[in-house]
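Close look at the chain arrangement
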Amino acid sequence: MLPGIQAKGLDSIGERLCQAVRDLKIEHGGAIAGPYVTLSVGGAVTVPTEEGGVVDLIGIADRNMYEAKAKGRNKFIFHE
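Throughout what follows, the structure given in this document is the object of discussion. (Residues numbered from 1 in each chain as written. Predicted model: local features only at pLDDT ≥ 70, side-chain atom pairs only at ≥ 80, totals over all residues. Heavy atoms only, no water.)

**A word on the overall build of the protein**
- A tally of regular secondary structure across the protein gives two helices and two strands.
- Considering only C-alpha atoms, the protein reaches an extent of 45 × 20 × 15 Å along its principal axes.
- Here the protein, with 80 residues, has 24% of them falling under the buried criterion.
- Taking contacts inside the protein between residues at least 6 apart in sequence as the whole, the part at least 24 apart equals 51%.
- As displayed, the protein has an accessible area near 5900 Å², and 57% of this comes from carbon and sulfur atoms.
- The positive charge centre, built from 9 side chains, and the negative charge centre, built from 10, are 9 Å apart in the protein. (Helix = DSSP H or I, 4+ residues; strand = E, 2+ residues; numbered from the N terminus. Buried < 20%, exposed > 50% of the residue type's maximum accessible area, 1.4 Å probe, protein only. Contact = heavy atoms within 4.5 Å. Areas by Shrake-Rupley, 256 points an atom, 1.4 Å probe, with all protein chains shown as cover. Lys, Arg positive; Asp, Glu negative; His and termini not counted. Charge placed at Lys NZ, Arg CZ, Asp CG, Glu CD.)

Next up, the structure:
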């Protein structure tokens, strides 16, 4: 949760997070996905309402994270 972050800033944050983990070059011994630990991130932005809330926001971000994994991992996925 990043209160006050707008959609245009979310892409930058997601990409920086992924790059920061890549730069650490943490060995991922024996993994099929690759030699180093990477990050798959799903982002979501919402304006709070009485009907929708945190659970909806987390659900959207979760689906986007699984989409990032399905598209090859080591990615940030966000849909406005």
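The discussion continues.
**So, unusual backbone geometry**
- Phi is positive for K25, which is not a glycine, with a value near 50°.
- Following the sequence through the fold, K25 ends up in the loop between α1 (7-24) and β1 (41-43).
- Taking the relative accessible area as the measure of exposure, K25 reaches 54% and is therefore exposed.
- Backbone geometry at R73 places phi at a positive 65°, although glycine is not the residue there.
- With respect to the element layout, R73 can be found in the loop between α2 (54-70) and β2 (76-78).

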